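Descriptive analysis of the structure
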Amino acid sequence: MLVQTLKTRRQTLAKLLDRPVILWSGDRPSRNFPANKYPYRASSHFLYFAGIPIPNAAIHLHQGKLTLFVDNPRAGSALWHGESPTRETIAETIGADAAYPLSELLPIEFPSDILVLKPSVWATDALTVGLIDKMREEQCYSLDRSVNTPDSPDEDDIALANAIVMLRSQHDDYALSEMRNAVEITKQAHIAGMKVTKTAKTEAHIRAAMEAVIIANDMTTAYNSIVTVHGEVLHNEHYHHAIEPTDLVLADVGAETQNGWAADVTRTWSASGKFSSTQRDLYNVVLAAHDAAIEAIKPGVEYQDLHLLACQKLAEGFVDLGILKGNPEDLVNMDAHALFFPHGVGHLLGLDVHDMEDLGDRAGYAAGRERSDRFGLGFLRLNRPLLDGMVVTIEPGFYQVPAILNNVKNREKYRDVVNWDRLEQFNDVRGIRIEDDVLVTTTGSEILTQGIPVTIEQLESQT
Ligand code: GLY
Ligand code: MN
Ligand code: MN
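Before going into details, it helps to say that this report is about the structure given with it.

Cut-offs applied
Residues numbered from 1 in each chain as written. Chains lettered and ligands numbered in written order. Predicted model: local features only at pLDDT ≥ 70, side-chain atom pairs only at ≥ 80, totals over all residues. Heavy atoms only, no water. Pairing = 2+ DSSP bridges. Helix = DSSP H or I, 4+ residues; strand = E, 2+ residues; numbered from the N terminus. Axes fitted to C-alpha atoms, helices over the stretch in contact; angles between N-to-C directions. Contact = heavy atoms within 4.5 Å. Near = heavy atom within 4 Å. Polar contact = N/O pair within 3.5 Å; in protein donor to acceptor, adjacent residues only side chain to side chain. Areas by Shrake-Rupley, 256 points an atom, 1.4 Å probe, with all protein chains shown as cover. Nonpolar A, V, L, I, M, F, W, Y, C, P; charged D, E, K, R; others polar. Parallel < 35°, antiparallel > 145°, perpendicular 65-115°, else oblique. Left-handed = near helix turned anticlockwise from the far one by under 90°. Buried < 20%, exposed > 50% of the residue type's maximum accessible area, 1.4 Å probe, protein only.

**Regarding the sheet that holds strand β11 (residues 391-394)**
Pairing is antiparallel across the open sheet formed by 3 strands, whose spatial order is β11-β14-β15. The open sheet has two free edges, formed respectively by β11 and β15 (445-447), since each of these has just one partner strand. Neighbour-to-neighbour, the strand axes of the sheet open up by a mean angle of 30°, direction not taken into account. The sheet contact formed by strand β14 (residues 436-440) and β15 spans 3 bridges and is antiparallel. From the neighbouring strand, V438 faces β15, where its bridge partner is I447. Most of the contacts of helix α8 (residues 173-196) go to β14, to which it runs at about 160°, and overall it touches β11, β14 and β15.

Here it is, written out as C-alpha coordinates:
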(Lines give C-alpha, C1' and ligand atoms only; values in the text may rest on other atoms or scores of the structure.)
(Ligands and ions follow the chains in the order given, each with its own letter.)
Protein backbone atom coordinates (compact mmCIF):
# COMPACT_ATOMS: atom_id res chain seq x y z
CA MET A 1 0.00 0.00 0.00
CA LEU A 2 2.80 2.41 0.91
CA VAL A 3 4.63 2.27 -2.42
CA GLN A 4 1.45 2.69 -4.46
CA THR A 5 0.31 5.56 -2.23
CA LEU A 6 3.64 7.35 -2.60
CA LYS A 7 3.52 6.92 -6.36
CA THR A 8 0.03 8.39 -6.51
CA ARG A 9 1.08 11.33 -4.32
CA ARG A 10 4.02 12.24 -6.54
CA GLN A 11 1.98 11.81 -9.71
CA THR A 12 -0.59 14.19 -8.28
CA LEU A 13 2.16 16.64 -7.43
CA ALA A 14 3.42 16.38 -11.00
CA LYS A 15 -0.03 17.33 -12.28
CA LEU A 16 0.06 20.46 -10.15
CA LEU A 17 3.68 21.42 -10.86
CA ASP A 18 5.90 20.69 -13.82
CA ARG A 19 9.05 21.92 -12.09
CA PRO A 20 11.57 19.77 -10.20
CA VAL A 21 11.40 19.80 -6.42
CA ILE A 22 13.91 18.96 -3.70
CA LEU A 23 12.75 18.06 -0.21
CA TRP A 24 15.13 17.36 2.68
CA SER A 25 14.41 15.00 5.55
CA GLY A 26 16.65 16.76 8.05
CA ASP A 27 19.17 15.43 10.49
CA ARG A 28 19.02 14.76 14.21
CA PRO A 29 20.02 17.76 16.28
CA SER A 30 22.31 17.17 19.23
CA ARG A 31 21.82 17.84 22.89
CA ASN A 32 24.84 19.95 23.67
CA PHE A 33 27.48 17.53 22.37
CA PRO A 34 27.42 15.70 19.04
CA ALA A 35 26.94 12.09 20.14
CA ASN A 36 23.91 12.82 22.33
CA LYS A 37 21.07 13.21 19.87
CA TYR A 38 17.46 14.27 20.21
CA PRO A 39 15.00 11.73 18.82
CA TYR A 40 14.78 11.95 15.06
CA ARG A 41 11.75 13.53 13.41
CA ALA A 42 11.84 13.90 9.62
CA SER A 43 10.39 16.95 7.90
CA SER A 44 6.69 16.32 7.33
CA HIS A 45 6.82 17.40 3.67
CA PHE A 46 9.58 14.85 3.11
CA LEU A 47 7.60 12.20 4.98
CA TYR A 48 4.56 12.84 2.83
CA PHE A 49 6.42 11.88 -0.34
CA ALA A 50 9.02 9.45 1.06
CA GLY A 51 6.64 7.72 3.46
CA ILE A 52 9.20 6.79 6.11
CA PRO A 53 11.69 8.76 8.18
CA ILE A 54 15.17 8.60 6.59
CA PRO A 55 17.69 10.77 8.44
CA ASN A 56 19.85 13.09 6.40
CA ALA A 57 18.32 12.32 3.03
CA ALA A 58 16.86 14.29 0.16
CA ILE A 59 14.33 13.42 -2.49
CA HIS A 60 14.15 14.92 -5.93
CA LEU A 61 10.63 14.86 -7.39
CA HIS A 62 9.97 15.55 -11.03
CA GLN A 63 7.32 14.38 -13.48
CA GLY A 64 6.07 11.79 -11.01
CA LYS A 65 9.50 10.25 -10.44
CA LEU A 66 11.31 10.12 -7.11
CA THR A 67 15.08 10.08 -6.84
CA LEU A 68 16.46 9.34 -3.40
CA PHE A 69 19.75 10.76 -2.17
CA VAL A 70 21.09 9.15 0.97
CA ASP A 71 24.44 7.83 2.06
CA ASN A 72 24.90 4.21 3.05
CA PRO A 73 25.58 3.64 6.76
CA ARG A 74 29.19 4.50 7.54
CA ALA A 75 31.65 1.69 8.29
CA GLY A 76 31.58 1.19 12.03
CA SER A 77 28.11 2.63 12.40
CA ALA A 78 26.68 -0.80 13.26
CA LEU A 79 28.83 -0.90 16.40
CA TRP A 80 26.92 2.05 17.87
CA HIS A 81 23.62 1.99 16.03
CA GLY A 82 23.06 -1.61 14.94
CA GLU A 83 22.42 -2.65 11.37
CA SER A 84 20.84 0.09 9.26
CA PRO A 85 19.19 -0.49 5.90
CA THR A 86 21.25 0.20 2.81
CA ARG A 87 20.31 2.81 0.25
CA GLU A 88 19.04 0.07 -2.08
CA THR A 89 16.76 -1.39 0.59
CA ILE A 90 15.35 2.02 1.46
CA ALA A 91 14.86 2.82 -2.22
CA GLU A 92 12.89 -0.39 -2.67
CA THR A 93 10.78 0.24 0.45
CA ILE A 94 9.65 3.63 -0.81
CA GLY A 95 9.48 2.75 -4.49
CA ALA A 96 12.20 5.19 -5.56
CA ASP A 97 12.88 5.38 -9.29
CA ALA A 98 16.60 5.91 -8.67
CA ALA A 99 18.90 6.25 -5.67
CA TYR A 100 22.31 7.88 -5.21
CA PRO A 101 24.60 8.83 -2.36
CA LEU A 102 23.79 12.18 -0.81
CA SER A 103 27.31 13.28 -1.61
CA GLU A 104 26.37 13.04 -5.30
CA LEU A 105 23.50 15.45 -4.79
CA LEU A 106 25.47 18.08 -2.99
CA PRO A 107 27.77 19.14 -5.85
CA ILE A 108 24.94 19.16 -8.42
CA GLU A 109 24.37 22.42 -10.17
CA PHE A 110 20.66 22.72 -9.53
CA PRO A 111 18.61 24.01 -12.43
CA SER A 112 17.52 27.55 -11.71
CA ASP A 113 13.85 26.56 -11.80
CA ILE A 114 14.10 24.03 -8.99
CA LEU A 115 11.62 24.49 -6.15
CA VAL A 116 12.48 24.15 -2.49
CA LEU A 117 10.73 24.62 0.81
CA LYS A 118 12.16 26.10 3.92
CA PRO A 119 13.64 23.25 5.94
CA SER A 120 12.79 22.95 9.60
CA VAL A 121 16.04 24.39 10.81
CA TRP A 122 15.96 22.46 14.07
CA ALA A 123 15.99 19.21 12.12
CA THR A 124 18.38 20.06 9.34
CA ASP A 125 22.12 20.01 9.46
CA ALA A 126 24.24 22.98 8.65
CA LEU A 127 25.26 21.57 5.29
CA THR A 128 21.74 21.31 3.90
CA VAL A 129 20.66 24.61 5.38
CA GLY A 130 23.73 26.20 3.88
CA LEU A 131 23.03 24.69 0.50
CA ILE A 132 19.45 25.81 0.42
CA ASP A 133 20.46 29.20 1.71
CA LYS A 134 22.71 29.53 -1.28
CA MET A 135 19.93 28.51 -3.63
CA ARG A 136 17.22 30.66 -2.26
CA GLU A 137 18.86 33.06 0.13
CA GLU A 138 16.09 34.87 1.92
CA GLN A 139 13.26 33.60 -0.22
CA CYS A 140 12.85 30.25 1.43
CA TYR A 141 12.52 31.88 4.82
CA SER A 142 9.54 33.98 3.91
CA LEU A 143 6.85 31.52 2.94
CA ASP A 144 4.53 32.80 5.63
CA ARG A 145 1.84 34.66 3.74
CA SER A 146 1.95 37.48 6.21
CA VAL A 147 5.41 38.55 5.10
CA ASN A 148 4.95 38.07 1.36
CA THR A 149 4.10 40.75 -1.08
CA PRO A 150 2.37 39.60 -4.29
CA ASP A 151 5.50 40.08 -6.36
CA SER A 152 7.97 38.76 -3.80
CA PRO A 153 10.80 36.78 -5.44
CA ASP A 154 9.81 33.46 -3.84
CA GLU A 155 6.57 33.26 -5.81
CA ASP A 156 7.74 29.98 -7.38
CA ASP A 157 8.48 28.31 -4.09
CA ILE A 158 5.05 29.45 -2.98
CA ALA A 159 3.62 27.47 -5.90
CA LEU A 160 5.25 24.41 -4.34
CA ALA A 161 3.87 25.29 -0.91
CA ASN A 162 0.39 25.71 -2.38
CA ALA A 163 0.59 22.39 -4.23
CA ILE A 164 1.67 20.61 -1.07
CA VAL A 165 -1.16 22.25 0.86
CA MET A 166 -3.63 20.96 -1.72
CA LEU A 167 -2.23 17.45 -1.49
CA ARG A 168 -1.78 17.23 2.26
CA SER A 169 -5.15 18.78 3.11
CA GLN A 170 -7.17 15.84 1.84
CA HIS A 171 -5.94 12.59 3.27
CA ASP A 172 -5.65 9.36 1.29
CA ASP A 173 -6.50 5.93 2.66
CA TYR A 174 -2.95 5.23 3.78
CA ALA A 175 -2.79 8.46 5.79
CA LEU A 176 -6.15 7.70 7.36
CA SER A 177 -5.12 4.19 8.31
CA GLU A 178 -2.01 5.60 10.00
CA MET A 179 -4.10 8.20 11.83
CA ARG A 180 -6.53 5.52 12.95
CA ASN A 181 -3.57 3.63 14.43
CA ALA A 182 -2.45 6.77 16.26
CA VAL A 183 -6.01 7.29 17.49
CA GLU A 184 -6.33 3.74 18.82
CA ILE A 185 -3.20 4.07 20.96
CA THR A 186 -4.28 7.56 22.04
CA LYS A 187 -7.58 6.12 23.20
CA GLN A 188 -5.80 3.50 25.29
CA ALA A 189 -3.49 6.19 26.70
CA HIS A 190 -6.40 8.37 27.81
CA ILE A 191 -8.17 5.47 29.47
CA ALA A 192 -4.92 4.56 31.26
CA GLY A 193 -4.65 8.17 32.49
CA MET A 194 -8.21 8.11 33.80
CA LYS A 195 -7.70 4.81 35.58
CA VAL A 196 -4.50 5.84 37.36
CA THR A 197 -5.81 9.21 38.54
CA LYS A 198 -7.21 8.14 41.91
CA THR A 199 -3.86 6.78 43.01
CA ALA A 200 -1.71 9.40 41.28
CA LYS A 201 0.04 11.87 43.54
CA THR A 202 1.05 14.35 40.85
CA GLU A 203 0.29 15.24 37.25
CA ALA A 204 3.56 13.52 36.34
CA HIS A 205 2.14 10.15 37.45
CA ILE A 206 -0.85 10.51 35.15
CA ARG A 207 1.34 11.68 32.29
CA ALA A 208 3.64 8.68 32.84
CA ALA A 209 0.72 6.24 32.69
CA MET A 210 -0.52 7.82 29.47
CA GLU A 211 2.81 8.04 27.71
CA ALA A 212 3.67 4.49 28.85
CA VAL A 213 0.93 3.21 26.57
CA ILE A 214 2.27 5.22 23.66
CA ILE A 215 5.86 4.14 24.26
CA ALA A 216 4.84 0.49 24.77
CA ASN A 217 3.30 0.60 21.30
CA ASP A 218 6.54 1.94 19.84
CA MET A 219 5.01 5.30 19.04
CA THR A 220 5.91 8.77 20.29
CA THR A 221 3.82 11.70 21.38
CA ALA A 222 2.82 13.96 18.50
CA TYR A 223 3.44 17.04 20.71
CA ASN A 224 4.42 17.71 24.29
CA SER A 225 1.70 16.23 26.48
CA ILE A 226 -0.45 18.55 28.54
CA VAL A 227 -1.52 16.76 31.72
CA THR A 228 -2.49 19.27 34.31
CA VAL A 229 -4.82 20.41 37.05
CA HIS A 230 -4.21 23.93 35.73
CA GLY A 231 -6.00 23.57 32.43
CA GLU A 232 -6.36 27.33 32.24
CA VAL A 233 -2.73 27.40 31.05
CA LEU A 234 -3.52 26.41 27.49
CA HIS A 235 -0.26 24.68 26.61
CA ASN A 236 0.83 23.83 30.15
CA GLU A 237 3.99 21.74 30.15
CA HIS A 238 4.52 21.47 33.90
CA TYR A 239 3.70 18.22 35.63
CA HIS A 240 4.64 18.81 39.27
CA HIS A 241 1.31 19.82 40.80
CA ALA A 242 -0.25 17.53 43.37
CA ILE A 243 -3.62 16.04 42.43
CA GLU A 244 -6.32 17.15 44.86
CA PRO A 245 -9.72 15.42 44.92
CA THR A 246 -11.50 18.67 44.00
CA ASP A 247 -9.40 19.12 40.86
CA LEU A 248 -10.29 18.58 37.26
CA VAL A 249 -7.49 16.91 35.31
CA LEU A 250 -7.05 18.14 31.74
CA ALA A 251 -5.07 15.77 29.51
CA ASP A 252 -4.21 16.79 25.94
CA VAL A 253 -2.18 13.81 24.74
CA GLY A 254 -1.82 12.35 21.26
CA ALA A 255 0.24 9.54 19.77
CA GLU A 256 2.25 9.73 16.57
CA THR A 257 2.94 6.68 14.43
CA GLN A 258 6.45 5.75 13.37
CA ASN A 259 5.77 7.29 9.97
CA GLY A 260 4.72 10.55 11.55
CA TRP A 261 0.91 10.61 11.58
CA ALA A 262 -0.69 12.31 14.56
CA ALA A 263 -3.68 12.11 16.86
CA ASP A 264 -4.65 15.06 19.06
CA VAL A 265 -7.11 14.40 21.87
CA THR A 266 -8.10 16.22 25.04
CA ARG A 267 -10.21 14.90 27.85
CA THR A 268 -11.01 16.53 31.18
CA TRP A 269 -12.09 14.42 34.12
CA SER A 270 -12.60 14.71 37.83
CA ALA A 271 -9.68 13.71 40.06
CA SER A 272 -12.02 12.21 42.66
CA GLY A 273 -14.04 10.28 40.10
CA LYS A 274 -17.09 12.44 40.74
CA PHE A 275 -17.65 15.86 39.13
CA SER A 276 -18.94 18.56 41.50
CA SER A 277 -22.18 20.18 40.41
CA THR A 278 -20.38 23.30 39.16
CA GLN A 279 -17.86 21.19 37.24
CA ARG A 280 -20.70 19.15 35.83
CA ASP A 281 -22.60 22.24 34.68
CA LEU A 282 -19.67 23.81 32.88
CA TYR A 283 -18.48 20.50 31.44
CA ASN A 284 -21.87 19.95 29.86
CA VAL A 285 -21.83 23.42 28.34
CA VAL A 286 -18.48 22.69 26.68
CA LEU A 287 -19.73 19.26 25.60
CA ALA A 288 -22.80 20.81 23.98
CA ALA A 289 -20.56 23.19 22.00
CA HIS A 290 -18.31 20.26 21.01
CA ASP A 291 -21.27 18.13 19.89
CA ALA A 292 -22.92 20.95 17.94
CA ALA A 293 -19.74 21.82 16.05
CA ILE A 294 -19.07 18.18 15.15
CA GLU A 295 -22.68 17.65 14.13
CA ALA A 296 -22.38 20.50 11.61
CA ILE A 297 -19.30 19.16 9.85
CA LYS A 298 -19.68 18.34 6.18
CA PRO A 299 -17.97 19.35 2.95
CA GLY A 300 -18.50 22.98 1.99
CA VAL A 301 -19.10 24.18 5.53
CA GLU A 302 -16.91 27.11 6.56
CA TYR A 303 -14.73 26.10 9.48
CA GLN A 304 -15.09 29.59 10.93
CA ASP A 305 -18.83 28.96 11.11
CA LEU A 306 -18.15 25.87 13.22
CA HIS A 307 -16.08 28.05 15.51
CA LEU A 308 -18.86 30.61 15.77
CA LEU A 309 -21.43 27.87 16.34
CA ALA A 310 -19.36 26.53 19.24
CA CYS A 311 -19.04 30.10 20.60
CA GLN A 312 -22.80 30.55 20.34
CA LYS A 313 -23.43 27.30 22.27
CA LEU A 314 -20.92 28.32 24.91
CA ALA A 315 -22.53 31.75 25.27
CA GLU A 316 -25.98 30.16 25.57
CA GLY A 317 -24.68 27.84 28.27
CA PHE A 318 -22.96 30.64 30.17
CA VAL A 319 -26.19 32.66 30.09
CA ASP A 320 -28.19 29.66 31.33
CA LEU A 321 -25.74 29.27 34.22
CA GLY A 322 -25.97 32.98 35.03
CA ILE A 323 -22.31 33.66 34.29
CA LEU A 324 -23.08 35.89 31.30
CA LYS A 325 -26.04 38.24 30.94
CA GLY A 326 -27.71 39.14 27.65
CA ASN A 327 -28.54 37.72 24.28
CA PRO A 328 -26.05 34.95 23.34
CA GLU A 329 -25.70 36.18 19.76
CA ASP A 330 -24.91 39.70 20.93
CA LEU A 331 -22.49 38.29 23.48
CA VAL A 332 -20.62 36.42 20.75
CA ASN A 333 -20.57 39.51 18.56
CA MET A 334 -18.90 41.42 21.36
CA ASP A 335 -16.54 38.48 22.06
CA ALA A 336 -17.76 38.06 25.64
CA HIS A 337 -17.51 34.26 25.24
CA ALA A 338 -13.79 34.70 24.51
CA LEU A 339 -13.24 35.76 28.11
CA PHE A 340 -13.59 32.03 28.81
CA PHE A 341 -12.74 30.53 25.42
CA PRO A 342 -9.93 32.63 23.98
CA HIS A 343 -8.66 30.19 21.34
CA GLY A 344 -9.97 28.78 18.06
CA VAL A 345 -12.15 25.68 17.93
CA GLY A 346 -9.45 23.64 16.19
CA HIS A 347 -7.12 23.10 13.28
CA LEU A 348 -6.03 20.73 10.54
CA LEU A 349 -4.47 17.45 11.65
CA GLY A 350 -2.17 15.13 9.71
CA LEU A 351 1.57 14.67 9.76
CA ASP A 352 1.76 17.57 12.17
CA VAL A 353 -0.53 18.22 15.06
CA HIS A 354 -1.21 21.70 13.68
CA ASP A 355 -0.85 20.41 10.19
CA MET A 356 1.36 22.43 7.84
CA GLU A 357 1.67 25.32 10.26
CA ASP A 358 5.32 25.52 9.22
CA LEU A 359 3.85 27.29 6.16
CA GLY A 360 2.26 29.98 8.32
CA ASP A 361 -1.44 30.38 7.59
CA ARG A 362 -1.09 29.14 4.01
CA ALA A 363 -2.76 25.80 4.81
CA GLY A 364 -5.18 27.06 7.45
CA TYR A 365 -6.50 30.15 5.66
CA ALA A 366 -8.09 30.23 2.23
CA ALA A 367 -6.33 32.51 -0.25
CA GLY A 368 -7.18 36.13 0.38
CA ARG A 369 -8.16 35.57 4.00
CA GLU A 370 -6.23 36.87 6.94
CA ARG A 371 -6.43 36.56 10.67
CA SER A 372 -9.06 38.69 12.29
CA ASP A 373 -7.99 41.15 14.94
CA ARG A 374 -11.11 40.33 16.96
CA PHE A 375 -10.41 38.94 20.44
CA GLY A 376 -12.77 36.02 19.74
CA LEU A 377 -11.41 35.16 16.27
CA GLY A 378 -7.72 36.07 16.17
CA PHE A 379 -6.51 32.67 17.39
CA LEU A 380 -8.55 30.71 14.87
CA ARG A 381 -6.03 28.52 13.02
CA LEU A 382 -8.37 27.29 10.31
CA ASN A 383 -10.57 29.45 8.13
CA ARG A 384 -11.53 27.76 4.89
CA PRO A 385 -14.41 25.69 3.56
CA LEU A 386 -14.13 22.03 4.52
CA LEU A 387 -13.28 19.42 1.89
CA ASP A 388 -13.83 15.70 2.14
CA GLY A 389 -10.71 13.93 3.32
CA MET A 390 -9.68 16.73 5.66
CA VAL A 391 -9.16 15.82 9.30
CA VAL A 392 -9.87 18.63 11.73
CA THR A 393 -9.94 18.88 15.47
CA ILE A 394 -12.91 20.23 17.38
CA GLU A 395 -11.78 21.45 20.77
CA PRO A 396 -13.93 23.97 22.59
CA GLY A 397 -13.12 24.80 26.18
CA PHE A 398 -13.79 26.87 29.24
CA TYR A 399 -10.90 28.51 31.06
CA GLN A 400 -10.56 30.93 33.93
CA VAL A 401 -7.37 32.68 32.93
CA PRO A 402 -6.45 35.27 35.58
CA ALA A 403 -4.64 37.47 33.04
CA ILE A 404 -7.83 37.72 30.96
CA LEU A 405 -10.42 37.90 33.72
CA ASN A 406 -8.48 40.40 35.83
CA ASN A 407 -7.50 42.57 32.90
CA VAL A 408 -8.71 46.07 33.67
CA LYS A 409 -9.85 46.77 30.12
CA ASN A 410 -11.81 43.51 29.97
CA ARG A 411 -13.40 44.23 33.34
CA GLU A 412 -14.50 47.59 32.02
CA LYS A 413 -15.64 46.41 28.57
CA TYR A 414 -17.59 43.41 29.87
CA ARG A 415 -18.72 44.97 33.17
CA ASP A 416 -22.42 44.72 32.36
CA VAL A 417 -22.44 41.29 30.76
CA VAL A 418 -20.52 39.19 33.29
CA ASN A 419 -22.00 38.28 36.66
CA TRP A 420 -18.69 38.20 38.52
CA ASP A 421 -20.28 37.04 41.80
CA ARG A 422 -21.91 34.12 40.03
CA LEU A 423 -18.61 33.30 38.32
CA GLU A 424 -16.97 33.04 41.76
CA GLN A 425 -19.18 30.04 42.49
CA PHE A 426 -17.44 28.15 39.66
CA ASN A 427 -13.97 28.54 41.09
CA ASP A 428 -13.41 24.79 41.20
CA VAL A 429 -13.24 24.91 37.39
CA ARG A 430 -9.96 26.32 36.10
CA GLY A 431 -9.86 24.65 32.71
CA ILE A 432 -11.96 22.28 30.61
CA ARG A 433 -11.21 21.26 27.04
CA ILE A 434 -12.82 18.47 25.03
CA GLU A 435 -11.01 17.65 21.80
CA ASP A 436 -11.76 15.10 19.11
CA ASP A 437 -10.37 14.40 15.64
CA VAL A 438 -12.95 14.40 12.89
CA LEU A 439 -12.70 13.25 9.28
CA VAL A 440 -14.77 15.17 6.76
CA THR A 441 -16.45 12.56 4.57
CA THR A 442 -18.26 13.07 1.27
CA THR A 443 -21.60 13.15 3.08
CA GLY A 444 -20.77 14.46 6.55
CA SER A 445 -18.20 13.41 9.07
CA GLU A 446 -16.69 10.56 11.02
CA ILE A 447 -15.32 11.07 14.53
CA LEU A 448 -12.03 9.19 14.33
CA THR A 449 -11.64 9.44 18.10
CA GLN A 450 -15.09 7.99 18.80
CA GLY A 451 -15.08 5.66 21.77
CA ILE A 452 -12.78 7.67 24.02
CA PRO A 453 -14.92 8.37 27.12
CA VAL A 454 -16.41 11.84 26.77
CA THR A 455 -19.70 12.13 28.66
CA ILE A 456 -19.59 12.67 32.41
CA GLU A 457 -21.06 9.22 32.96
CA GLN A 458 -18.41 7.61 30.74
CA LEU A 459 -15.60 9.54 32.42
CA GLU A 460 -16.84 8.78 35.92
CA SER A 461 -17.04 5.10 35.16
CA GLN A 462 -13.33 5.08 34.16
CA THR A 463 -11.97 6.98 37.17
N1 GLY B 1 -2.44 19.68 21.34
C2 GLY B 1 -2.43 21.04 20.94
C3 GLY B 1 -3.71 21.46 20.38
O4 GLY B 1 -4.71 20.86 20.71
O5 GLY B 1 -3.81 22.30 19.56
MN1 MN C 1 -5.65 20.45 18.86
MN1 MN D 1 -4.71 18.97 21.65
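**Examining unusual backbone geometry**
Backbone geometry places N32, a non-glycine residue, at a positive phi of 75°. Structurally, N32 can be placed in the loop between β1 (21-24) and α2 (44-50). Non-glycine residue Q63 carries a positive phi angle of around 50°. With respect to the secondary-structure elements, Q63 resides in the loop between β2 (58-62) and β3 (65-69).

**A short note on the site of ligand 1**
Around ligand 1 lies a shell formed by Y223, H235, D252, D264, H347, H354, E395 and E435. Measuring from a nitrogen atom of ligand 1, one finds a side-chain N or O atom of D252 at 3.1 Å. E435 is positioned such that a nitrogen or oxygen atom in its side chain is 3.1 Å from an oxygen atom of ligand 1. Relative to its unbound accessible surface of 200 Å², ligand 1 loses 93% to contact with the protein. Grouping the amino acids of the shell around ligand 1 by side-chain chemistry returns 1 nonpolar, 3 polar and 4 charged.

**Considering the sheet that holds strand β8 (residues 248-253)**
The 3 strands lie next to each other as β7-β8-β10, forming an open sheet whose pairing is antiparallel. Bordering the open sheet on either side are β7 (226-228) and β10 (265-270), each of which pairs with just one other strand. Sheet twist, expressed as the average angle between the axes of neighbouring strands with direction ignored, equals 10°. Relative to β10, β8 is paired through 6 bridges, and the arrangement is antiparallel. Bridging from a neighbouring strand, L248 pairs with S270 of β10.

**Concerning the packing of helix α10 (residues 277-295) against helix α11 (residues 303-320)**
Geometrically, a packed helix pair is captured by the angle between its two axes and the distance between the axes. Orientation of α10 relative to α11, taken along the N-to-C sense of each, is 155°, at an axis distance of 8 Å. By the angle class used here, α10 and α11 are roughly antiparallel. Two packed elements cross with a definite hand, and for α10 against α11 that hand is right-handed. In this structure, α10 uses L282, V285, V286, A288, A289, A292 and A293 to contact α11, whose residues at the interface are L306, L309, A310, K313, L314, G317 and F318. For the contact of α10 with α11, the class distribution of residues is 12 nonpolar, 1 polar and 1 charged.

**What to know about the environment of L23**
In this structure, L23 sits in strand β1. According to the relative accessible area criterion, L23 is buried, its value standing at 4%. For L23 and S44, which are 21 residues apart along the polypeptide, the C-alpha to C-alpha distance reads 9.8 Å. In this structure, L23 is in contact with H45, F46, F49, A57, A58, I59, L61 and L117, ignoring residues within four places of it in sequence.

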